[in-house]
Amino acid sequence: MNNAPLPRQFALDISYTPTPSLNNFLAGENLALHSILQKIVQFWGTPSPRVASENPLDQRWIYWWGPEGSGRTHLLSAIGSAAEGLGLEHFPLTPNEPISWVRLEERLPSLSACHQVCVITVDDVDRLDERLVASLFRVLNAVQGSAAIHIFMAGNSPPGALKLREDLRTRLGWGLIFQTHLLDDDEKIEALQQAARARGLVLSPDVLPWLLNRFYRDMPNLMALIDALDAYSLETKRAVTLPLVRELLQPR
């Protein structure tokens, strides 16, 4: 059933989807990136003054890249949520919301002069159009000259391989760079079990190995299936066993 269209039942309302966080991210081979993000969040939570000397650029400027499903967006959402949870300003930027870029640029002069941490996250850098590339270039220049702006960016390729203008590719490499890696099968099962537990969902032991052999193998679709199973289990008032999974995935 790999690469088949998602069944109709995926239109079911999901009962609860946990917010992406650093705590519910299974690091696997991404341990180095995960660890430094945890340390940064810990630093944000300290009461000490947040001046430039305490914020070296390579701790405020991080770019990571990897294939779809390797945790790129989860980590961006997690770091943004952590900032908001600590009462810090967070500016999430994506290629699909150009007005957010305009609003951020209007704030950059005051943010650059402030010693209070604020956080910018930029997803899908590889999909930025010419106008947003120019905007990111200006944003990065402001971050470099600031005391406490943190920026976290993600894309599908290392900076040098991105199809963007050369001066922006160079700037992306000014901070720390990490590659995000896909989970292996055992790690996927662990992550899916963790997601199920977060929803209060109990899976029979044969469900996840069967799904990895018969269903999509990428984590976004597998996580979507956990949501659908949660909703379908509640709707039918049945435990999540292999027969229920087969029923859910049966085309209607």
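Refer to the preceding data block for the structure.
Only a predicted model underlies this, so the values are computations on that prediction, with no experimental measurement involved. (Residues numbered from 1 in each chain as written. Predicted model: local features only at pLDDT ≥ 70, side-chain atom pairs only at ≥ 80, totals over all residues. Heavy atoms only, no water.)

On to the pairing of strand E3 (residues 118-122). Burial analysis of E3 places five of its five residues in the buried class, which makes it a mostly covered element. Burial along E3 is two-sided: the face carrying Cys-118, Ile-120 and Val-122 and the face carrying Val-119 and Thr-121 are both buried. As paired strands, strand E2 (residues 89-93) and E3 are joined by five bridges and run parallel to one another. Looking at the pairing, Glu-89 lines up with Cys-118 of E3. Each parallel crossover has a hand, and for E2 linked through helix H4 (residues 98-113) to E3 it is right-handed. Read as a crossover between parallel neighbours, the route from E3 over helix H5 (residues 130-144) to strand E4 (residues 149-155) is right-handed. (Buried < 20%, exposed > 50% of the residue type's maximum accessible area, 1.4 Å probe, protein only. Helix = DSSP H or I, 4+ residues; strand = E, 2+ residues; numbered from the N terminus. Pairing = 2+ DSSP bridges. Right-handed = clockwise from strand over helix to strand, strands pointing away.)

This brings us to unusual backbone geometry. Unusually for a residue other than glycine, Asp-124 sits at a positive phi of about 55°. Residue placement: Asp-124 occurs in the loop between E3 and H5. In this structure, Lys-237 is a non-glycine residue whose phi angle is positive, near 55°. Of note, Lys-237 is situated in the loop between helix H9 (219-236) and helix H10 (242-249).

For the largest pocket, the calculated volume is near 700 Å³. The wall of the largest pocket is formed by 29 residues, among which Pro-20, His-74, Met-219, Pro-220 and Met-223 lie closest to the centre. Elements with a minimum of two residues in the lining of the largest pocket: helix H3 (72-85), helix H7 (185-198) and H9. (1 Å grid on protein atoms, 1.4 Å probe; cavity = no way out; pocket = protein on both sides within 12 Å on 5 of 7 lines; lining within 4 Å. Points joined across faces, edges and corners; volume = space filled by probe spheres on them.)

Below, the discussion takes up the pairing of E4. The buried count for E4 comes to seven of seven residues, which makes it a mostly enclosed element. Across the two faces of E4 the burial is the same, with Ile-149, Ile-151, Met-153 and Gly-155 and His-150, Phe-152 and Ala-154 all buried. As defined by bridge partners, strand E1 (residues 61-65) adjoins E4 across five bridges and the pair is classed as parallel. When the sheet's bridge partners are listed, Trp-61 is paired in E4 with Ile-151. Both E3 and E4 contribute to a ladder of five bridges, which runs parallel. Bridging from a neighbouring strand, Ile-120 pairs with Ile-151 of E4.

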